[in-house]
Structures are given as C-alpha cells and as structure tokens.
Amino acid sequence: MKPPASLTALATELKSLNAGPAHQDRVLRAWLRGHPLDHGPRKQAAENFLPLALRTALPQLQAALDALATVVSEHPGSDGRRLLVRLADGQTVESVLLPRAGVCISTQIGCAVGCTFCMTGRSGLLRQVSAPEMLAQVVLARQRQTLRRVVFMGMGEPAHNLDNVLEAIQLLGTAGGFGHKDLVFSSVGDPRIFSRLPQEKVKPALALSLHTTDAELRARLLPRAPRLSPRELVEAGEAYARTTGYPIQLQWTLLAGINDSLAEMAAVADLLQGKYAILNLIPYNPTAALDYQRPTPETIAQLVQHLRQRGVRVAVRQSAGQDVEGGCGQLRARLLDGSTHLTTAGGRATAHG
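The model shown is predicted, which means the values in this text are computed figures rather than measured ones.

Our focus in this paragraph is the overall build of the protein chain. Counting its regular elements, the protein chain contains 11 helices and 14 strands. Per-residue burial over the protein chain gives 53% buried out of 353 residues. Excluding contacts between residues fewer than 6 apart, the proportion of contacts in the protein chain whose partners are at least 24 apart in sequence is 67%. Element-wise, carbon and sulfur atoms account for 50% of the exposed surface of the protein chain, whose accessible area totals about 15100 Å².

To continue, consider the packing of helix H9 (residues 262-271) against helix H10 (residues 297-309). Remark: H9 packs on H10, axes separated minimally by 10 Å, with the N-to-C direction vectors making an angle of 30°. As summarised for this structure, H9 and H10 are arranged roughly parallel, according to the angle between their axes. Relative to H10, H9 is oriented so that their crossing is right-handed. Between H9 and H10, the residues in contact are Leu262, Met265, Ala266 and Val268 and Gln302, Leu303, His306 and Leu307, respectively. Tallied by class, residues from the contact of H9 with H10 come to six nonpolar, two polar and no charged.

Below, the discussion takes up the confidence of the model for the protein chain. Overall, the predicted model of the protein chain reaches an average pLDDT of 89, with 87% of residues at or above 70. Note that pLDDT drops below 50 for residues 321-327; the model gives that stretch 30 contacts with residues more than four away or on any other chain. Low confidence marks residues 339-353, where pLDDT is under 50. Its contacts with residues over four positions away, or in another chain, come to 34 contacts.

This part covers the pattern of salt bridges. What the rule picks out here adds up to 12 salt bridges. With its nearest N and O atoms 3.1 Å apart, the salt bridge here joins Glu133 to Arg127. The exposure class assigned to Glu133 is buried, which follows from its relative accessible area of 8%. Between Glu235 and Lys275 there is a salt bridge, with the nearest N and O atoms lying 3.5 Å from each other. Of this pair, Glu235 sits in helix H8 (residues 230-244) while Lys275 is found in the loop between H9 and strand S11 (277-283), placing the two residues 40 residues apart along the sequence. Here the salt bridges do not stand alone but share partners, grouping Glu74, Arg81 and Arg144 into one network.

A few words on the environment of Gln91. Here Gln91 lies in the loop between strand S2 (81-87) and strand S3 (92-98). Note: C-alpha distance between Gln91 and Val129 (38 residues apart in sequence) is 9.9 Å.

In protein chemistry, a disulfide is the covalent bond that joins the sulfur atoms of two cysteines. According to the stated counting rule, one finds zero disulfides in the structure shown. With no disulfide of its own, Cys115 has Cys118 as its nearest cysteine by sulfur position, at a separation of 6.0 Å.

In this structure, Arg192 sits in helix H6 (residues 192-196). Overall, Arg192 belongs to the partly exposed group, its relative accessible area being 42%. Spatially, the C-alpha atom of Arg192 lies 7.6 Å from that of Ala159, the residues being 33 residues apart in sequence. Not counting residues within four places of it along the chain, the set of residues in contact with Arg192 comprises Ala159, His160 and Leu162. From its side chain, Arg192 meets the backbone oxygen of Ala159 in a polar contact 2.8 Å long.

Judged by nonpolar contacts, the single largest core of 81 residues is most densely connected at Trp31, Phe185 and Leu279. Ranked by size, the runner-up nonpolar core spans 14 residues in total, among them Cys115, Leu221, Leu222 and Tyr292.

Rules behind the numbers
Residues numbered from 1 in each chain as written. Predicted model: local features only at pLDDT ≥ 70, side-chain atom pairs only at ≥ 80, totals over all residues. Heavy atoms only, no water. Helix = DSSP H or I, 4+ residues; strand = E, 2+ residues; numbered from the N terminus. Buried < 20%, exposed > 50% of the residue type's maximum accessible area, 1.4 Å probe, protein only. Contact = heavy atoms within 4.5 Å. Areas by Shrake-Rupley, 256 points an atom, 1.4 Å probe, with all protein chains shown as cover. Axes fitted to C-alpha atoms, helices over the stretch in contact; angles between N-to-C directions. Parallel < 35°, antiparallel > 145°, perpendicular 65-115°, else oblique. Left-handed = near helix turned anticlockwise from the far one by under 90°. Nonpolar A, V, L, I, M, F, W, Y, C, P; charged D, E, K, R; others polar. pLDDT = per-residue confidence, 0-100. Salt bridge = Lys/Arg side-chain N within 4 Å of Asp/Glu carboxyl O. Disulfide = S-S within 2.5 Å. Polar contact = N/O pair within 3.5 Å; in protein donor to acceptor, adjacent residues only side chain to side chain. Core = buried A, V, L, I, M, F, W, Y, C linked by side-chain atoms within 4.5 Å.

Structure (structure tokens):
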C-alpha cells in the first residue's frame, strides 16, 4: 500500500476496505491523535467496530501512513525542538515542537514569495506539501509531546497551497480534536484568504506578516507578496478577526537597523489604534548566508516598552532554533549542502552543523 497522495485517495482506500463514514472517522481520529489505528472506545475490541477487510489491512495502512513523513534528525534547543522531516519522495521539510504544547509545520517545499530574510525562499518553490503530509508532521509531533496548537508557519506560504492547507485544517479541527483558534494560518496577505477563510466550517486564527508600516520597504523585504499596503493588510485581517472572535496576529521580524526604530514603532502604534490585534515581535534568527542581524536585547526591550505605553498588545516571540542555527529553512539548506552531520543521542538522531 502506497502513502496516500491526498485525503481523497485515503478515503478511497478506506472505502475499498469496506469502511463506512463512521469507520473512516474512527481510523482518522486514531491516526491524528497518535493512537494505533484500531484504537476505539475503552473495553471495546476492534472486531466490534471495524469491518474485517479493514482490520486485516491495518498493518499495511499504518505503514503507508508512517511513510508519509519520517524524522531525519532532531535539534533540541532552549526555545523548541526542530525536526528535519523526510517525505516519501525524499524531499525534506522542517517542523518545530514549540513550548506550551504547540507545533509549527511546513506547507511547501521552498517558497515563491522570496522574503529576503528567509532561507526557505532562496530555492524558490519546488513543490506543494500534500494535506496528508501536513497531517503526518502533526502526528510526528504528537508522538513526542502533548499538542494543543498547530501553526502553519514553517517552510512555504500557506495561501499558495490553499486547498491542501484548508483540508488539513478542517480535519485537525474535527477528527484531530484541536480548537479552531488553536489552528493558526500564517500568510503574507494573499487576498484569497480573506474571502475563503470566513466560509470554512473550521475557521483558523490568522497571522499576517507585516514587518513594517512602510509599503516600499515591505515590497523590498517581501518582493513577491501581494501589493496590499500595510494599512489594507491590517484592515482585512481585523475584519476576519471580528468574524471569528479572536484577534489577528501581526508578525514583525525585527531586523537591526531596518525596522527596529522608535519611529517605526510609533507608526505601527498609530496603525493598530483601536484594532483587534496582537503584534508579535520576532527577533531575527541570523545565518551567515544572509546579511541581516538581530537587534540587541536592550533595543527590543525599549521597543516593547514604547509599544505598551501606546496601548499596543505586543509579545516577543523567539524564532525557534536560534541557539542551534536552525531557523526556518536553515536545517534543510545545511542538509543539501552537506554541512549537517547526523549523530545519535539517546537512540534518536540529532544533527550538528
């Protein structure tokens, strides 16, 4: 049995094994929650709720689902554990186990947006990650820690793989057991999301990459992002936030000497006046391959104080992997150029660059 290429293919396979809707839901629920596929009600044997053909095929089905994504290496850090994950065709993506029971998963191999401060975009877009492959990343994370939150903010632009991402979100918000506000859709601001997300049964929280209030600077930092002005982006995001009842998250990667001035903070405070929003300041995760630096801790503290004095809801979110040089796209890049060396620690692969 091959790894399913889509959720439709998985449903077709289950139907061929005489699985009705209730059986399919039971199997998907077990898989997404990290249980054996024959997991069911307490004290009820599998033969009492799964058809014979499906029960017989469960080992092959489990192997096919396991083959969707396997961990190549694990990189523990003080701010989260980063996983380098190999997909069935040999391509690799990155997932991050976050503090406070979260995981950040990848939705594309490469990215077409080309953010100048991001390693992922340097290779361009290679292919889309399927919905089963996204779900498999969540399963790998759930095997390693308790999960209450899934963030679609790893490699790739989720809006450029919209159908697959929303399929994964719908399943996680139902069979997966996650709260809708605990499923976070990240985007540079593709206009399609503002019409599509409100129509979905499971409406995720929305995180938008803002990074600056200067439209020209944003166009240079995010060269192939949609040409929405920062104000248009915030307005569209807040409209969605009012629909869902949870605030819009605005992402601001802090780049020393570029978008970390008090003038920028004053401008963003004006922009967010009265808005149902949270500003996440993310100190840049430096890499030798890109010419950007992180502001000093003193500068960051000054920016936060200024914003809070202006009434802005602000949080500093460390980019996971800073202490292992494992920022988004860095592990994959190091594997491809041969600079990542795998060793074994405690029976589990780890990597050092």
